[in-house]
Amino acid sequence: MISGKFAITVHILTLLSKFPEEYLSSEFIAGSMNMNPVLVRKEIANLKKNNIVESKEGKNGGTKLLKSASTISLEAIFKMTFDSVTLGYSKNTPNPNCPVGKKINQNLENLYDDINEKISLQLKGISLEDFSNQF
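Residues numbered from 1 in each chain as written. Predicted model: local features only at pLDDT ≥ 70, side-chain atom pairs only at ≥ 80, totals over all residues. Heavy atoms only, no water.

J.: Outline the pairing of strand 1 (residues 53–56), supporting the account with residue identities and numerical values.
T.: Strand direction decides the pairing type here: strand 1 and strand 2 (residues 62–65), joined by 4 bridges, are antiparallel. Residue pairing across strands places Lys56 opposite Gly62, the latter belonging to strand 2. Where strand 1 folds back on strand 2, the antiparallel hairpin that results is connected by 5 residues, among which Gly58 adopts a positive phi of roughly 110°. (Pairing = 2+ DSSP bridges. Helix = DSSP H or I, 4+ residues; strand = E, 2+ residues; numbered from the N terminus.)

Here's what the structure looks like:
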């Protein structure tokens, strides 16, 4: 299902790209996003796991990019936050004797695969730097 994880992750990385030599605190990042720093730290943990950022603790601690923003595609960010986009399926098991019910999930799956392919193609051509330059 679609969630705000991609938007949160892009927001974090865009901020970090604006201050490439600085360690930004989760409180600073959370202030930009108007959200709880705990939620920011959760997304930062995922970025650390994917070797996109590094963090250090302490008074001057925080998080910064490990890679140049020009080398990070929005597609890579998308794939860090989702396996794929799905708009969902019926909570009930469709009737296998119905001409629609027996094929609805298969046809939705095909539609979602096509959507994901188009999303990847669109995002592949946009770097974090390209996105960040809009600000």
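J.: Give a detailed account of the packing of aromatic side chains, specifying residues and quantitative values.
T.: If you walk through the whole model with that rule in mind, you get 4 aromatic pairs. Between Phe6 and Phe78, the aromatic rings sit 5.9 Å apart at their centres with planes inclined by 75°, giving edge-to-face as the arrangement. Of this pair, Phe6 sits in helix 1 (residues 5–18) while Phe78 sits in helix 4 (residues 74–81), and the two are 72 residues apart along the sequence. A residue is classified by how much of its surface remains accessible, and Phe6, at 21% relative accessible area, is partly exposed. Look at Phe78 and you get buried, because its relative accessible area is 7%. (Phe/Tyr/Trp six-rings, centres within 6.5 Å; stacked < 30°, edge-to-face > 60°. Buried < 20%, exposed > 50% of the residue type's maximum accessible area, 1.4 Å probe, protein only.)

J.: Just give me the short version of the packing of helix 1 against helix 3 (residues 37–49), but keep the residues and values in it.
T.: Interaxial distance between helix 1 and helix 3 falls to 10 Å at its minimum, and their mutual angle equals 80°. The pairing of helix 1 with helix 3 is recorded here as roughly perpendicular in orientation. In this structure, helix 1 contributes Lys5, Ile8, Thr9, Ile12 and Leu13 to the contact, and helix 3 contributes Val40, Glu43, Ile44 and Leu47. The residue makeup of the contact of helix 1 with helix 3, split by class, is 6 nonpolar, 1 polar and 2 charged. (Axes fitted to C-alpha atoms, helices over the stretch in contact; angles between N-to-C directions. Parallel < 35°, antiparallel > 145°, perpendicular 65-115°, else oblique. Contact = heavy atoms within 4.5 Å. Nonpolar A, V, L, I, M, F, W, Y, C, P; charged D, E, K, R; others polar.)

J.: If you had to explain the packing of helix 1 against helix 2 (residues 26–33) to someone new, which residues and values would you point to?
T.: It is at 10 Å that the axes of helix 1 and helix 2 come closest, and there the two elements cross at 120°. By the angle class used here, helix 1 and helix 2 are oblique. Crossing hand, helix 1 versus helix 2: right-handed. Counted together, Ile8, His11, Ile12, Leu15 and Leu16 of helix 1 and Phe28, Ile29, Ser32 and Met33 of helix 2 form the full contact between these two elements. Split into classes, the residues belonging to the contact of helix 1 with helix 2 amount to 7 nonpolar, 2 polar and no charged. (Left-handed = near helix turned anticlockwise from the far one by under 90°.)

J.: Could you give an account of the environment of Lys18, with specific residues and numbers?
T.: By the element assignment, Lys18 lies in helix 1. Apart from residues lying up to four places away in sequence, Lys18 is in contact with Ser132, Asn133 and Phe135. Within the structure, Lys18 has its side chain in polar contact with the backbone oxygen of Phe135 (distance 3.2 Å). (Polar contact = N/O pair within 3.5 Å; in protein donor to acceptor, adjacent residues only side chain to side chain.)

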